Structures are given as C-alpha cells and as structure tokens.
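Each chain, written out:
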Amino acid sequence: RRLSAVLLAGLLGTASASVPAAQAQAPAADAAPLSHAADDRTRHGGDGALLRLQVLLDRARFSPGEIDAVAGSNQARALRGFQQARGLAVTGEADAAPWQAPELDSAPVLADYTVTAADVAGPYTPIPEDMMEKSRLPALGYGSLLEALGERFHASPELLGRLNPGSGPVRAGSVLKVPAVTAPAAPLKAARVVVDGSEPVLRLLAGEGRMLAQYPASSGSEHDPLPLGEWNIVAVVHDPTFHYNPELFWDADPAHGKAKLAAGPNNPVGTVWIDLSKPHYGIHGTPEPRAVGKRQSHGCIRLTNWDAAAVAAAVDAQVPVTLQE
C-alpha cells in the first residue's frame, strides 16, 4: 500500500478521499474490453490481454489476486486452477483453450466509475508501520482515495493510474476507467475449504469435491508453519479488531506490549476474520494485497480483503477446513 508520490500526484492531485461502498456504474457501451485497439492486443498479447484475462478470472472466482495486467505467479496459479476445474490441459499459460471458456462472460472488462463527494470526503489517515503506533489510532481506514479505489475494484493503484492517464486531480464527478469485477449473481456455498501451502492457494469445494473457486493465499513460514490437518470454521467476523500479543510473533519488537488495534482495511487481519478450531489461527484479509501469495505469513491463511469477503460469504460455522502441503 505504499504508493509512489508521482502516481498519487498524477491521479489524485491535491484531493484526498476514500471510497465507502459506492457502486460502479454499469459498463458503458464504449467501455468494452479496451476499445477496438485493445481487442487486437487481447488477441495478440500485451497489457490489454493480461488485463482481460485477470478480470475474467476474477469474475469466474479464480482470483489472480491484485489485478495489475502484469504476468505473475498469482495469475499463473489462477489460470491453472481454472483449467483444472474446467477439465482443460493444466498449463498456467493463456493458450487458445482457456480463452474460450472465459469468453462465455461477454461483459466488458472495463467500467466507468463516477467519483462521489463522499469518496472525496474521506477521511484518510496515513498508517504507521509500528504496531504500537497503530494501536493508538481510532480506526485503521484507507490512507488515500487511490488505495480505496484499488481495493474496491481489486486493482493495483498503479493499474488505475495506467487506465486513467492524464486524468488530473480526481474530484467529485470525475469519471474513471476501472476493472469491471462485478461478482457473479449466483451465490456460492462451499462444502469444504482446502488450503494448499505448496501452491499456495485456498480452494472452495462442493460436496462431491468439485472445485468452485480458488484464491491466492499466504500460509505459514519456516518460523510459523501451516498447522496441517483437519479443522472447522467456528465463526466469521466482519471488521474485526486485532488483539496484538507480541509473544505470538517471533519477529515482534521486544519493546512491544499487548495492544488492541481498531478495525479497518489496514488492520493486520484486514476486514474479515474466519476463526478456525485451531487456537490463534484463522483465514483473514490483509492491508497488503500485493503481497498475498508472494510473502509468507505468521501461520494463518492470508487473502486479499475482497477474496476473504468472498470466502466468508460462501462458508458458515462447522464447514471443514483441510490444511495441507
């Protein structure tokens, strides 16, 4: 969530703001994939193709994590999961076959979003690195409008900058191009959650074992390995507070003491905590979406905030959770 000064100045100017739960407008007719020129890039490669692939994977519930239109490990994992679930050759590569099924979703991959006065009103607060300093804040909300928009549309702030070149300061009434990541209308209900630490991903399965969805995950480390075995979900908590105990973190500052951190997207466990029957362990969100699947955790299963919310909506108490390597 550390945003470059150039990017902030270019997209935000002097404005400061946050996006509550404002809705994106329906994609405009002229907001199709990336215009006709981008259609050519979609067929022949380039950022337009990667953006389209990542948005369609996100909408198909095979999350590439933070959408950035850059080929990476999370995109490859998402594509492998999609291919496996659809009975295609599992390559992780965007060859011809995987495009055919995602193209069943014909909605444009970009939408117009009109910034509201509430978006621009904020408030926004810079979030300190130190846990004790965080504990003194009354809320751990967004640090900027750009950060809030990125989370709302599952996108990296850098991508939003590239989609809106020369837009100048964002004000109420500004119209921005954003990824059209509207969730499928049909609700999803999972019979089992499987976390694979070697991949690393979290999968939602139907009762017969069919894969329903897949999300990139950070799960465990050498110091705090993933607690392998069979567990259950015992509770789902939205907007959790975080009870910081430095004794549970091998890399904690020895000067730290126990503290309670306020709720918000920049809370250490993000906006959702899915409590597991293994004490002190859960599935949760994160204030650093770009690190998911790329950086190790302290043993818990860390997802982007939007993917954690999707998992929370698909499970309830007593759903079994398999943690495996």
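In this text the structure is predicted, and so the values were computed from the model without any measurement.

Asks: Please clarify how the overall build of the chain should be interpreted in this entry.
Replies: Along its length, the chain carries 10 helices and 13 strands. A total of 325 residues make up the chain; the buried ones form 51% of that total. Long-range contacts, defined as pairs at least 24 residues apart, comprise 66% of the intrachain contacts of the chain with a sequence gap of at least 6. Accessible area of the chain: about 14500 Å², with a carbon and sulfur share of 55%.

Asks: Could you clarify how one ought to interpret the nonpolar core in this entry?
Replies: Nonpolar side chains tend to gather and get buried jointly when the protein is soluble and globular. Within the largest apolar cluster, 27 residues are counted, with the highest numbers of intra-cluster contacts made by Val193, Leu202, Leu204, Ile301 and Leu303. Looking at this core element by element, the count peaks at 4 residues for helix α10 (residues 305-314). Apart from residues lying up to four places away in sequence, Leu303 is in contact with Leu202, Tyr215, Pro216, Ala217, Ile283, His284, Gly285, Thr286, Val292, Ala308 and Val311. Membership of the second largest hydrophobic core comes to 26 residues, among which are Val109, Ala111, Leu146 and Leu159.

Asks: Whenever I open this one, the pairing of strand β13 (residues 320-324) confuses me. Can you help?
Replies: A regular strand places its side chains on the two faces of the sheet in alternate fashion. Examined bridge by bridge, strand β3 (residues 192-196) and β13 share 4 bridges and lie parallel to one another. Across the sheet, the residue bridging to Val193 is Val321, located in β13.

Asks: What is the right way to read α10 from this model?
Replies: Each turn of an α-helix holds 3.6 residues, which means side chains three or four residues apart point in the same direction. For α10, the tally of buried residues reaches 7 of 10 residues, placing the bulk of the element in the interior. When α10 is considered as a whole, its buried residues turn out to be Asn305, Trp306, Asp307, Ala308, Val311, Ala312 and Ala314.

Asks: Mind showing me how you'd approach the packing of aromatic side chains here?
Replies: For any pair of aromatic rings, the description rests on two quantities: the centre-to-centre distance and the angle between the ring planes. Overall, the coordinates contain 2 aromatic pairs when judged by the stated rule. Taking the centre distance of 5.8 Å and the plane angle of 90 degrees together, the rings of Phe62 and Phe82 count as edge-to-face. Taken together, the residues Phe62 in the loop between α3 (47-59) and α4 (73-85) and Phe82 in helix α4 connect sequence positions 20 residues apart. Comparing Phe62 with Phe82, the two get one shared label, buried. An angle of 65 degrees between the planes, with centres 5.2 Å apart, marks the rings of Tyr113 and Phe153 as edge-to-face.

Asks: Is there a simple way to explain the pairing of strand β4 (residues 201-205) in this structure?
Replies: β4 sits mainly inside the fold: 5 of its 5 residues count as buried. Judged by which residues are buried, β4 turns out to be covered on both faces: Val201, Arg203 and Leu205 on one side and Leu202 and Leu204 on the other are all buried. In the sheet, β3 pairs with β4 via 5 bridges, with the strands oriented antiparallel. By the bridge assignment for β4, Asp196 is matched with Val201. Between β4 and strand β5 (residues 211-216), which pair antiparallel in sequence order, lie 5 residues; one of them, Gly209, sits at a positive phi of approximately 90 degrees.

Asks: Help me out: how do you make sense of the side chain of Thr271 in this one?
Replies: Summarising the element assignment, Thr271 is placed in the loop between β9 (259-261) and β10 (272-276). Accessibility expressed as a relative area gives 18% for Thr271, which makes it buried. Those residues in contact with Thr271 that sit more than four places away from it in its chain are Val237, His238, Asp239, Pro240, Gly264, Pro265 and Asn305.

Reading the values: the criteria
- Residues numbered from 1 in each chain as written.
- Predicted model: local features only at pLDDT ≥ 70, side-chain atom pairs only at ≥ 80, totals over all residues.
- Heavy atoms only, no water.
- Helix = DSSP H or I, 4+ residues; strand = E, 2+ residues; numbered from the N terminus.
- Buried < 20%, exposed > 50% of the residue type's maximum accessible area, 1.4 Å probe, protein only.
- Contact = heavy atoms within 4.5 Å.
- Areas by Shrake-Rupley, 256 points an atom, 1.4 Å probe, with all protein chains shown as cover.
- Core = buried A, V, L, I, M, F, W, Y, C linked by side-chain atoms within 4.5 Å.
- Pairing = 2+ DSSP bridges.
- Phe/Tyr/Trp six-rings, centres within 6.5 Å; stacked < 30°, edge-to-face > 60°.

Note that all results are geometric; they support no functional claim without further evidence.
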